[in-house]
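Okay, here's what each chain looks like letter by letter:
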Amino acid sequence: MRKKLCVVLAALTITTGIFFPPARAEAIDAWGIAAQALGVLGAYHSALGAVLALGNDVNAQVQSERQDIAENGRTHNARDTALIDTIMQRLVRDGDYVLRVNSLPFTWAVTDSSVFNAACYPTDYVSINRGLIRGLNGNVDELAAVLGHEMTHGIRQHSAHNYAKAAAQFYGLSFLNMDAGLMDWNKLNALVGYSVAKNVTLPSEYEADEGGFRIMTSAGFNPGGGAAAMARMGYYLTYVTQELAEYQDPTQKNLPQDDFSDHPATERREEKLAGFMTDYSAGHVTVADRKTICIDGTPLLTVTWTDEEYDNSPENAYLAAGALARAFHDYDSPAEWGLSVTRDGGAVLSGDPRVNELLVYFLAKEKAGARLVELVHHAYAGEAQSGAREKLRAEEKTRADARAAERAAVENADAKAIKKMRENSDAYSDYGDSERALMLMERVFASPHDESRAVSYVIRARAYAVRGDWTRARADADKGVAEDPKDVYTWLNRSDVLRMMGDRDGALADAMKAIETDAKNPYGYLIAAELYDEMGEQEQARTYFAKLYAVEPKAVGRIPDAYLESVDKRAYEKRIKEQKKVREEKEKSLREKADKKSRPADGGK
């Protein structure tokens, strides 16, 4: 989809310029070549590292969603939210993919934007506009293809790598231009923008289309959903959209190359996705002229327009063909199809009734049931000679082996990566997201390189406590303390778990053990102070807030007003002054709004 990209070269424009070989290449000396190489390499690694680090930070992921919602609003349509939640949960749970060691679990939200768009941020936050849901008419399989596409951007970390490549191209061409003096900077910027769109972004879009197809089919969605989504998207962006930036000029559909955008032409994407569907069916199922479904080149039926306001025959054809592709893929013999011809001349078959719905409808409409039975038997009979099924399974095994290697690499994560996973899991618990916290801890416990299993136990204990699973939470917390009572964080985390469980006495005892273990760690004092405050023991609370402040003055923001005055009177007065200023500014703003409403409109008396 037309996703948002965080790109350092945002000011660059894409033009129709063509790159000609430099006329003065001989002017580049050894210094220029070295500077170019070092500059490009440095720019690439610096940009890549920065975005990868951002993408592996839970706080940044949360901020991604907050910024998106602040800009576009959250949808008010509960059905849209439930629809996307159902699709994303299934893709995340059942899709066959592997997140890299330095990637976060996916999060998502539906915005109130009317723009036909979805996007995956570098933080693996997926933004889905209500305009996309409306544009695809809420079709489950088409949305699954789009969301699988966005997930692939995250899985392959396209934003980070594209950003880095863009920066490298900019620096490389800048060095070249400084040495050779080929063009002015405006032309250089245009050239870089064009090069990035064609050589960096476009390939990743094609990769995301294929990745999305693999994820959505492995999760059980209709294999025709991707091509169907492109068919509808092509119509929408040409005849429906009110957004100039989205509009696709129908006169530009037959360009000899992808249009001058950072996304492939919709027609080419449709063709490629239809090709993936055919391959998925062991080569048996094709769609001719975007409406006639064929098995091994022989027409089965021609799909017609249904109840849409536009000719949705191509969309219907791909979805009906996708049901056939699913059956050819999943069943190794005709008997497994469970085919039976119905009284109305149609046919029914095994499998997901939702995926098969359109196929069954058109089989009855065209009275093509008997023909389907004949073509299916003929197709399997020909496989012995063609070897189509063996080829399909061999290709799938190659992909499965690649994913197994990726999974092994994640499970073999080094100590540094494991530490970051723990930190991210703990951050998810702080935000109340036990599901993702536990997902990350599964990866931690799968690695043989965890240098602090005791801390891992107590971090997982916090996640269980957030979920309300008190039995597992207490068991893990006890294991952590037993394995390494000299690590202050085992006591601190068990204290937090006990506090969540309502055991204040136990939590306070562990806080004291944390202080005894490491008197310089501020968290023991903070937990003890807050617990004493909750228990109504104000003098003890004041004592431990004072100890907290002595160990870590920067923790002044965690000390309530009731105790800060006695801990640091100057800091207390400063805070009161700031609070007063904020109140006054708020009151002023409210008065100005009230005055504005009370004034008569222009021309009034």
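Criteria and cut-off values
Residues numbered from 1 in each chain as written. Predicted model: local features only at pLDDT ≥ 70, side-chain atom pairs only at ≥ 80, totals over all residues. Heavy atoms only, no water. Pairing = 2+ DSSP bridges. Helix = DSSP H or I, 4+ residues; strand = E, 2+ residues; numbered from the N terminus. Axes fitted to C-alpha atoms, helices over the stretch in contact; angles between N-to-C directions. Buried < 20%, exposed > 50% of the residue type's maximum accessible area, 1.4 Å probe, protein only. Contact = heavy atoms within 4.5 Å. Parallel < 35°, antiparallel > 145°, perpendicular 65-115°, else oblique. Left-handed = near helix turned anticlockwise from the far one by under 90°. 1 Å grid on protein atoms, 1.4 Å probe; cavity = no way out; pocket = protein on both sides within 12 Å on 5 of 7 lines; lining within 4 Å. Points joined across faces, edges and corners; volume = space filled by probe spheres on them. Nonpolar A, V, L, I, M, F, W, Y, C, P; charged D, E, K, R; others polar.

Engineer: How would you explain the sheet that holds strand β6 (residues 298–302) if you had to name every residue and give the values?
Structural biologist: The 3 strands lie next to each other as β4-β5-β6, forming an open sheet whose pairing is antiparallel. The sheet is open, and its two edges are formed by β4 (285–288) and β6, each paired on a single side. With direction set aside, neighbouring strand axes in the sheet form an average angle of 35 degrees. The sheet contact formed by β4 and strand β5 (residues 292–295) spans 4 bridges and is antiparallel. Across the sheet, the residue bridging to T286 is C294, located in β5.

Engineer: Can you break down unusual backbone geometry residue by residue, with the values?
Structural biologist: Glycine aside, a negative phi is what most residues show, and trans is what most peptide bonds show. Phi is positive for Q157, close to 55 degrees, though the residue is something other than glycine. Along the chain, Q157 turns up in the loop between α5 (140–155) and α6 (158–180). Looking at Q157, the relative accessible area reads 10%, which means it is buried. Backbone geometry at D289 places phi at a positive 55 degrees, although glycine is not the residue there.

Engineer: Can you break down the environment of V373 residue by residue, with the values?
Structural biologist: Its place among the elements puts V373 in helix α12 (residues 369–386). Separated by 34 residues in the primary sequence, V373 and L339 place their C-alpha atoms 7.0 Å from one another.

Engineer: If you had to explain the sheet that holds strand β2 (residues 118–120) to someone new, which residues and values would you point to?
Structural biologist: If you walk across this open sheet you meet the 3 strands as β1-β3-β2, and the pairing is mixed. What marks the edges here is a single partner per strand, and that holds for β1 (107–111) and β2. Each adjacent strand pair in this sheet contributes to an overall mean axis angle of 15 degrees, direction not counted. Of the pairings in the sheet, the one linking β2 to strand β3 (residues 125–129) comprises 3 bridges and is antiparallel in character. The partner of A118 across the bridge, within β3, is I128. Here helix α3 (residues 78–94) sits on the sheet in contact with β1 and β3, set at roughly 155 degrees to β1. Across the sheet, α5 lies against β2 and β3, angled at about 25 degrees from β2, the strand it touches most.

Engineer: With reference to specific residues and values, describe the packing of helix α18 (residues 488–500) against helix α20 (residues 522–534).
Structural biologist: Interaxial distance between α18 and α20 falls to 10 Å at its minimum, and their mutual angle equals 20 degrees. Of the possible angle classes, the one that applies to α18 and α20 is roughly parallel. As for how α18 packs across α20, the hand of that crossing is left-handed. Here L492, S495 and R499 of α18 lie close against α20, whose contacting residues are Y523, G524, I527, E530, L531 and E534.

Engineer: Please provide a residue-by-residue account of empty space enclosed by the protein, values included.
Structural biologist: Evaluated as defined, the whole model comprises 3 cavities of 30 Å³ or more. Volume-wise, the largest cavity comes out at about 110 Å³. Looking at the largest cavity, it is lined by 15 residues, and the ones nearest its centre are G55, P122, D124, G154 and Q157. Elements with a minimum of two residues in the lining of the largest cavity: α1 (30–55), α5 and α6. If one sorts the elements of the lining of the largest cavity by residue count, α1 sits on top with 3 residues. Considered class by class, the residues forming the lining of the largest cavity number 7 nonpolar, 7 polar and 1 charged.

Read these as layout, nothing more, since geometry by itself doesn't imply function.
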